[in-house]
Amino acid sequence: MRAAPGGRPRPATLRSVTTTVSPPTLNDVVAAFEALYDPAWAASWDAVGLVCGDPGQPVRRVLFAVDPVAEVVDEAEEWGADLVVTHHPLLLRGVTSVAATTPKGRIVHRLITAGTALYTAHTNADTADPGVSDALAAAVGLTGDLAPLDPDPADPAGRRGIGRVGTLPAPMALRDFAAQAAAGLPATPAGIRVAGDPDRTVHRVAVSGGAGDSLLGAARAAGVDVFLTSDLRHHPASEFAEQGGAALIDVPHWAGEWPWLADGADRLTRALAGGRANVETRVSTAVTDAWTQRF
Ligand SMILES: [Zn+2]
C-alpha cells in the first residue's frame, strides 16, 4: 500500500475505485445527456449541443453553469473541468471567426487550450419533463403535479413545454409567497420585484425560467393567481396589470434558471452507468446575472 502525502496509508477502496473504473468519453456523456434533453426539442432559433471538445476525450469532471462567461471558465480551469455544461448558448448567432480578439472568441480559446469541452442545453432543457421550470417551481415551493404553461404540441402526452403551472400546498399572501420565492432562489444584488397587492391571496401559480414576456397571455389564460418569471418589461407588465388578474413576480434571470443545474447534474450522474461512472459533477455558484449592483 502506498503512503499518501503526510505518511498516512491510502485507503484500498479509494485506490481501487480510481484505478479500475475508466471515465466515459465526451461522446458517452453527450449521448447520456441528450437522452434526457433531446436537442430535437429545442426551438428552431436556438443553438444547442456541443460547442467545442473532442468526442473521444475522457470526461472526469463536469461543471454546470447558467452562463458561458469568463468567470465560469475561471472556475472550470481552477477545478480542472473536462466539460462545462451551460444553459445559455455561447454562440447563438452565426460567426465567421472565433479569434481571441472578441470576448466569445477568447472563451473558445481558453476552453480549447485547457482541453475543456463546452455543451449547451437551452430550450430543450426548458421544455423537458422535468426541465428548467420544474426546478424553479420546486425552489419557490410548488408541490404536487405540474403542467406545462405553454405545452409542446409535438408531445402527445402533454408533459413537455415551456413554463409550469401548479399550486402551493396552501393559499398564502402574495407578500409571503414573494418572501418564500426569494428565500428559495439564490440571492443576487438585484433581488426580486413584485407587482400586485401584497395582501392578496395566491394559490395557483405559473412559473417560467428565463424571459417571460411572451407567456403573459398564457398565464392569463391559465387563470393563475401569480406568474413568476424573469425579464418582464414595463409595458407588457403594466398592460397585464391593467387587465386585472394575476400578480407578477420578476426574479433575476440567472437566479430563475440556476435551480435546474443541480437537477441536470443529478440526472446525468444517474444516467452514466447508474451513477457508478467515474464522473464528478459540480454546480457553479458564480452569480453571473447581468445586474450586479442595486442603489
Ligand atoms: Zn435563460
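What counts and what doesn't
- Residues numbered from 1 in each chain as written.
- Predicted model: local features only at pLDDT ≥ 70, side-chain atom pairs only at ≥ 80, totals over all residues.
- Heavy atoms only, no water.
- Helix = DSSP H or I, 4+ residues; strand = E, 2+ residues; numbered from the N terminus.
- Contact = heavy atoms within 4.5 Å.
- Pairing = 2+ DSSP bridges.
- Axes fitted to C-alpha atoms, helices over the stretch in contact; angles between N-to-C directions.
- Parallel < 35°, antiparallel > 145°, perpendicular 65-115°, else oblique.
- Nonpolar A, V, L, I, M, F, W, Y, C, P; charged D, E, K, R; others polar.
- Core = buried A, V, L, I, M, F, W, Y, C linked by side-chain atoms within 4.5 Å.
- Buried < 20%, exposed > 50% of the residue type's maximum accessible area, 1.4 Å probe, protein only.
- Domains from an automatic or database assignment.
- Donors = N, O, S within 2.8 Å, 3.2 Å for Na, K, Ca; no water.
- Tetrahedral: all angles 85-135°; square planar, octahedral: opposite > 155°, others 65-115°.
- Buried area = accessible area lost by both parts, 1.4 Å probe.
- Salt bridge = Lys/Arg side-chain N within 4 Å of Asp/Glu carboxyl O.

1. Description of the environment of Leu 248
Link 1 in the chain: Secondary-structure assignment places Leu 248 in strand S10 (residues 247-250).
Link 2 in the chain: When the C-alpha positions of Leu 248 and Leu 232 are compared, they lie 9.0 Å apart, and in sequence the two are 16 residues distant.
Link 3 in the chain: If near-sequence neighbours (up to four positions away) are discounted, Leu 248 is found in contact with Arg 193, Val 194, Ala 195, Leu 216, Val 226, Phe 227, Leu 232, Ala 237 and Phe 240.

2. Side note on the sheet that holds strand S7 (residues 193-195)
Strands pair in a sheet through their backbones, by hydrogen bonds, and they do so in one of two ways: parallel or antiparallel.
Link 1 in the chain: Strand order in the open sheet made by the six strands is S5-S6-S8-S9-S10-S7, with mixed pairing throughout. Every other strand in the sheet has two partners, leaving strand S5 (143-151) and S7 as the edge strands with one partner each. Neighbour to neighbour, the strand axes of the sheet diverge by 25° on average, direction disregarded.
Link 2 in the chain: Alignment of strand S8 (residues 201-211) against strand S9 (residues 226-230), held across four bridges, turns out to be parallel. Its bridge partner being in S9, Val 207 is matched across the sheet by Leu 228.
Link 3 in the chain: Relative to S8, helix H6 (residues 132-139) is tilted by about 140°, and along the sheet it contacts S5, strand S6 (161-173), S8 and S9.

3. Structural notes on the sheet that holds strand S3 (residues 83-86)
Link 1 in the chain: Taking strand neighbours across the sheet as the criterion, the five strands line up as S1-S4-S3-S2-S11 in an open arrangement whose pairing is mixed. Across the chains shown, the open sheet's two edge strands, defined by having one partner strand only, are strand S1 (49-52) and strand S11 (280-283). Strand-to-strand twist in this sheet, taken as the mean axis angle between neighbours without regard to direction, amounts to 25°.
Link 2 in the chain: Summarising the sheet, strand S2 (residues 61-65) and S11 pair through four bridges and their orientation is parallel. Residue pairing across strands places Phe 64 opposite Val 283, the latter belonging to S11.
Link 3 in the chain: Strands in contact with helix H2 (residues 26-36) are S1, S2, S3 and strand S4 (117-120); relative to S4, the strand with the most contacts, it is inclined by about 10°.
Link 4 in the chain: Contacting S2 and S11, helix H11 (residues 259-271) crosses the sheet at an angle of about 155° to S2.

4. Section: the packing of helix H3 (residues 70-79) against helix H4 (residues 103-114)
Link 1 in the chain: Where H3 meets H4, the closest approach of the two axes is 10 Å, and the angle between their N-to-C directions is 5°. As the angle between them shows, H3 and H4 are arranged roughly parallel. Here Ala 70, Val 73, Asp 74 and Glu 77 of H3 lie close against H4, whose contacting residues are Ile 107, Arg 110, Leu 111 and Ala 114.
Link 2 in the chain: For the contact of H3 with H4, the per-class residue count stands at five nonpolar, no polar and three charged.

5. Focus: the nonpolar core
Considering soluble globular proteins, one finds that nonpolar side chains tend to be buried as a cluster.
Link 1 in the chain: Phe 33, Leu 83, Val 140, Phe 177, Leu 228 and Trp 260 are the most contacted members of the largest nonpolar core, which has 49 residues in total.
Link 2 in the chain: Viewed by domain, this core spans two of them, domain 1 (26-125 + 258-283) and domain 2 (129-251), each represented by three or more residues.
Link 3 in the chain: Cys 52, Leu 63, Val 73 and Leu 118 belong to the second-largest nonpolar core, a separate cluster that totals 14 residues.

6. Quick word on the coordination of the zinc ion
Between any two of four tetrahedral donors, the ideal angle at the metal is 109.5 degrees; between two of six octahedral donors, it is 90 or 180 degrees.
Link 1 in the chain: Distances from the zinc ion to its protein donors, His 88 (NE2), His 253 (NE2), Glu 257 (OE) and Glu 257 (OE), fall within 2.0 to 2.4 Å.
Link 2 in the chain: Between the four donor atoms coordinating the zinc ion, the angles at the centre fall across 57 to 132°, so the site counts as irregular.
Link 3 in the chain: Of note, the donors binding the zinc ion are all from one chain and are spaced H-x164-H-x3-E. Here the residue His 253 and the residue Glu 257 both occupy positions in helix H10 (residues 253-257), the gap between them amounting to four residues, near one helical turn.
Link 4 in the chain: Glu 257 sits in the buried class, given a relative accessible area of 2%.

7. Quick word on the domain arrangement of the protein
Link 1 in the chain: Domain boundaries in the protein define domain 1 (26-125 + 258-283) and domain 2 (129-251).
Link 2 in the chain: Summarising the inter-unit geometry, the C-alpha centres of domain 1 and domain 2 are found 27 Å apart.
Link 3 in the chain: Facing nine residues of domain 1, the contacting portion of domain 2 comprises 10 residues.
Link 4 in the chain: Carbon and sulfur atoms make up 71% of the surface buried where domain 1 meets domain 2, a total of about 780 Å² over both sides.
Link 5 in the chain: When residues of domain 1 are sorted by the area they lose upon contact with domain 2, Trp 41, Pro 259 and Trp 260 head the list and together hold 51% of the total.
Link 6 in the chain: In this assembly, domain 1 and domain 2 are joined by zero salt bridges.

8. Structural notes on the pattern of salt bridges
Link 1 in the chain: Evaluated as defined, the whole model comprises 11 salt bridges.
Link 2 in the chain: Here Arg 233 makes a salt bridge to Asp 213, at a shortest N to O gap of 2.4 Å. With a gap of 20 residues between them, Arg 233 in the loop between S9 and helix H9 (234-242) and Asp 213 in the loop between S8 and helix H8 (216-222) connect regions that are remote in the sequence.
Link 3 in the chain: Look at Arg 233 and you get exposed, because its relative accessible area is 51%.
Link 4 in the chain: For Asp 266, the salt bridge goes to Arg 270, with nearest N and O atoms at 2.9 Å. Remark: Arg 270 and Asp 266 occur in helix H11; sequence separation between them is four residues, near one turn of the helix.
Link 5 in the chain: Ionic contacts of the salt-bridge type, sharing partners, join the residues Asp 74, Glu 77 and Arg 110 into one network.

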